[in-house]
Amino acid sequence: MAGFSELIKNFDKTREYVRDFFIYGCKVRSDFGKKSVRTYDDEKRRVESWMQNYMRYDDSVHGRSVSISVDSGHISENPLYNAYYSKSFTDNDIKLHFLLTDILCDGKSRTLRELTDTLNSDYEQLFDDQTVRNKLKEYTEEGIISAEKQGKIMYYSLSADRADEYIEKYKGLADAVKFFSEAPDFGVIGNSIMRAVDIKNDLFHIKHNYMIHALEDILVPNILAAIDDKCSITVKKFAVRADDEPAEEIIIPMQILVSVQTGRRYIAAYVPKTRRFSTYRLDRIKQIKKNMVCTDYDRLRERYDVNIRRCFGVSFGDRRELGSAGAIKITFTVDEKREPFIIERLEREKRCAVLEKTGDGLYTLTADVFDPNEIMHWAKTFIGRILSIEGGTEKIRRRFYIDISRMYRMYRGGEDEHIQ
């Protein structure tokens, strides 16, 4: 029986486990039904070793739930990066790493045959050509080794680029890497550079840092590559229930969007099955596979560029409501002398909507968007200043008034009038 190890072979499994049990924090041990209880214990111990002091334990009648509890404004490093440094490796991986770098550290270039012969003669290590070729290809893609073709023969040498030399040479580069290490996209790259040169982020703390993005970054390169190459992708989503099979769908990606309200990231894509544009949350996607080139990509991209202008947020709306929904108009009352900052905020946050002064202290926002619900979520942050709501659908207006009624009952304790 294999013993417990902090190293992982399959990042997808660990990402799913961290997502379900430690990010959402609403599952307990008995909810883990995919494998044995020991698997749960091993995964739990592994994540606890990464997260150290950021664990939270809550006991209930259903059992103990474990979650990650972190104030991102008070930490200098995203602890979820540790998951990327825990990939397992074979004996050959570690041998070839040190032996190849030792052979090439003199700065000379060598062919595959010369490297294989040196491994055999000087280090008494017998590796076949294909094994060494695969490792050289991997390190060339990583930038550790440089490959140069001379005639028909490929020569390999250690890359002359060294992070520590660049940081020492260019003033301010270390501070830029510190900032990049906590940037929303690919911060793990900046973090890995810091670890390689042994520096710490002692400058930047980000108050609203959505750390969960670190687990999604593994998907982003494939999405961007598909967009650049104008290809479709197959998206495999996480199963909703433990006994469900992960759902798959073919989409044509257009752009990665970030919600300024929730911080979540989405793929905006054309869905051939429904023949319309839609968005998919990255944290609900398990795997992405790149497919063939889409011959109609440019035309779809033109349609997307037109449609995205009618999105207030990340939603393209519900097709059933599009026909009945017209432009929605919201009128706000503002004390122009004492509250100029409200006008500034309306102007700053109106996005694709149009803001007009319609009276003394009255400002009307007109938005012809696919999903007026997104407007209403934003408009509720101006509660107390909303004078009227017109247009849209009756369902949207009714939902707004019901929400206001519930809020009134919650804070005032009075009886509601029945809303027709």
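Being a predicted model, the structure only gives us computed values, none of them experimental.

**Some thoughts on the overall build of the protein chain**
Per the secondary structure count, the protein chain includes 15 helices and 14 strands. A globule of 420 residues ought to have a C-alpha radius of gyration of about 22 Å, yet the protein chain, at 27 Å, is considerably larger. A principal-axis box enclosing the C-alpha atoms of the protein chain has dimensions of 90 × 55 × 50 Å. Considering only contacts in the protein chain between residues 6 or more positions apart, those separated by 24 or more positions represent 63%. Counting only carbon and sulfur atoms, one obtains 49% of the accessible surface of the protein chain, whose full area is about 25,300 Å². Side chains of the protein chain carry 69 positive and 69 negative charges; the gap between the two charge centres is 4 Å.

**Here's the deal with the nonpolar core**
Nonpolar side chains in soluble globular proteins tend to be buried together. Within the largest apolar cluster, 31 residues are counted, with the highest numbers of intra-cluster contacts made by Ile251, Met254, Ile267, Ile285 and Ile288. With 6 residues, strand E8 (residues 265–271) is the single largest residue contributor to this core. With residues up to four places along the chain from it excluded, the contact list for Ile288 reads Leu219, Asn222, Ile223, Ile233, Thr234, Val235 and Ile267. The next biggest cluster of nonpolar side chains, apart from the first, holds 23 residues, and it includes Ile342, Leu346, Val369 and Ile386.

**Some details on the packing of aromatic side chains**
Aromatic ring pairs are described here by two measures, namely the spacing of the ring centres and the angle between the planes. According to the stated counting rule, one finds 12 aromatic pairs in the structure shown. When the centroid spacing of 5.4 Å and the interplanar angle of 70° are considered together, the rings of Tyr270 and Phe277 count as edge-to-face. Each member of the aromatic cluster is reached from another via a ring pair, and the members are Tyr270, Phe277, Tyr304, Phe316 and Phe370. One cation-aromatic arrangement involves Arg310 over Phe370; the distance from NZ or CZ to the ring centre is 4.4 Å. For Arg351, the ring lying beneath its charged end belongs to Phe312, and the centroid distance is 4.2 Å.

**Description of the confidence of the model for the protein chain**
Per-residue pLDDT for the protein chain has a mean of 85; in total, 90% of the residues score no lower than 70. Low pLDDT, under 50, characterises residues 416–420; the stretch is placed with 7 contacts to residues that sit more than four places away or in other chains.

**A look at unusual backbone geometry**
With phi around 55°, Glu124 is a residue other than glycine that occupies positive phi space. On the secondary structure map, Glu124 appears in the loop between helix H4 (112–121) and helix H5 (129–142). Here the phi dihedral of Lys230 falls at roughly 60°; this positive angle occurs in a residue that is not glycine. Here Lys230 shows up in the loop between helix H10 (220–229) and strand E6 (231–237). Given the relative accessible area of 32%, Lys230 is considered partly exposed.

**Description of the sheet that holds strand E10 (residues 285–293)**
In space, the 5 strands of this open sheet follow the order E9-E8-E7-E6-E10, with antiparallel pairing throughout. For this open sheet the edge positions go to strand E9 (276–281) and E10, each flanked by a neighbour on one side alone. Each neighbouring strand pair of the sheet contributes to a mean axis angle of 45°, computed without reference to strand direction. Here E6 pairs with E10 via 6 bridges, running antiparallel. Looking at E10, one finds that Ile233 is bridged to Lys290. Lying over the sheet, H10 contacts E6, strand E7 (248–258), E8 and E10, oriented at roughly 95° with respect to E7.

**With respect to the pairing of strand E2 (residues 63–68)**
For strand E1 (residues 55–60) and E2, the ladder comprises 6 bridges, and the chain directions are antiparallel. Paired with Asp59 across the two strands is Arg64, which belongs to E2. Count of turn residues in the E1/E2 antiparallel hairpin: 2 residues.

**Some details on the domain arrangement of the protein chain**
The domains assigned to the protein chain are domain 1 (11–69), domain 2 (75–212), domain 3 (218–309) and domain 4 (326–412). Across the interface of domain 1 and domain 3, roughly 800 Å² is buried in total on both sides, 49% from carbon and sulfur atoms. Among the residues of domain 1 in contact with domain 3, Asp12, Arg15 and Arg19 are the three that bury the most area, contributing 59% of the side total. Linking domain 1 to domain 3 there are 0 salt bridges. Here domain 1 is connected to domain 3 by 0 residue pairs in polar contact (both at pLDDT 80 or more).

**Some points on the packing of H4 against H5**
A pair of packed helices is characterised by two quantities: the angle between their axes and the separation of those axes. At a minimum axis separation of 10 Å, H4 and H5 run at an interaxial angle of 115°. With respect to H5, the axis of H4 lies roughly perpendicular. As for how H4 packs across H5, the hand of that crossing is right-handed. Between H4 and H5, the contacting residues are Leu112, Arg113, Leu115, Thr116 and Leu119 on the first element and Asp129, Val132, Arg133 and Leu136 on the second. Split by residue class, the contact of H4 with H5 holds 5 nonpolar, 1 polar and 3 charged.

Criteria and thresholds
Residues numbered from 1 in each chain as written. Predicted model: local features only at pLDDT ≥ 70, side-chain atom pairs only at ≥ 80, totals over all residues. Heavy atoms only, no water. Helix = DSSP H or I, 4+ residues; strand = E, 2+ residues; numbered from the N terminus. Rg over C-alpha atoms; globule rule 2.2 N^0.38 Å. Contact = heavy atoms within 4.5 Å. Areas by Shrake-Rupley, 256 points an atom, 1.4 Å probe, with all protein chains shown as cover. Lys, Arg positive; Asp, Glu negative; His and termini not counted. Charge placed at Lys NZ, Arg CZ, Asp CG, Glu CD. Core = buried A, V, L, I, M, F, W, Y, C linked by side-chain atoms within 4.5 Å. Buried < 20%, exposed > 50% of the residue type's maximum accessible area, 1.4 Å probe, protein only. Phe/Tyr/Trp six-rings, centres within 6.5 Å; stacked < 30°, edge-to-face > 60°. Lys NZ or Arg CZ within 6 Å of the ring centre and 35° of its normal. pLDDT = per-residue confidence, 0-100. Pairing = 2+ DSSP bridges. Axes fitted to C-alpha atoms, helices over the stretch in contact; angles between N-to-C directions. Domains from an automatic or database assignment. Buried area = accessible area lost by both parts, 1.4 Å probe. Salt bridge = Lys/Arg side-chain N within 4 Å of Asp/Glu carboxyl O. Polar contact = N/O pair within 3.5 Å; in protein donor to acceptor, adjacent residues only side chain to side chain. Parallel < 35°, antiparallel > 145°, perpendicular 65-115°, else oblique. Left-handed = near helix turned anticlockwise from the far one by under 90°. Nonpolar A, V, L, I, M, F, W, Y, C, P; charged D, E, K, R; others polar.

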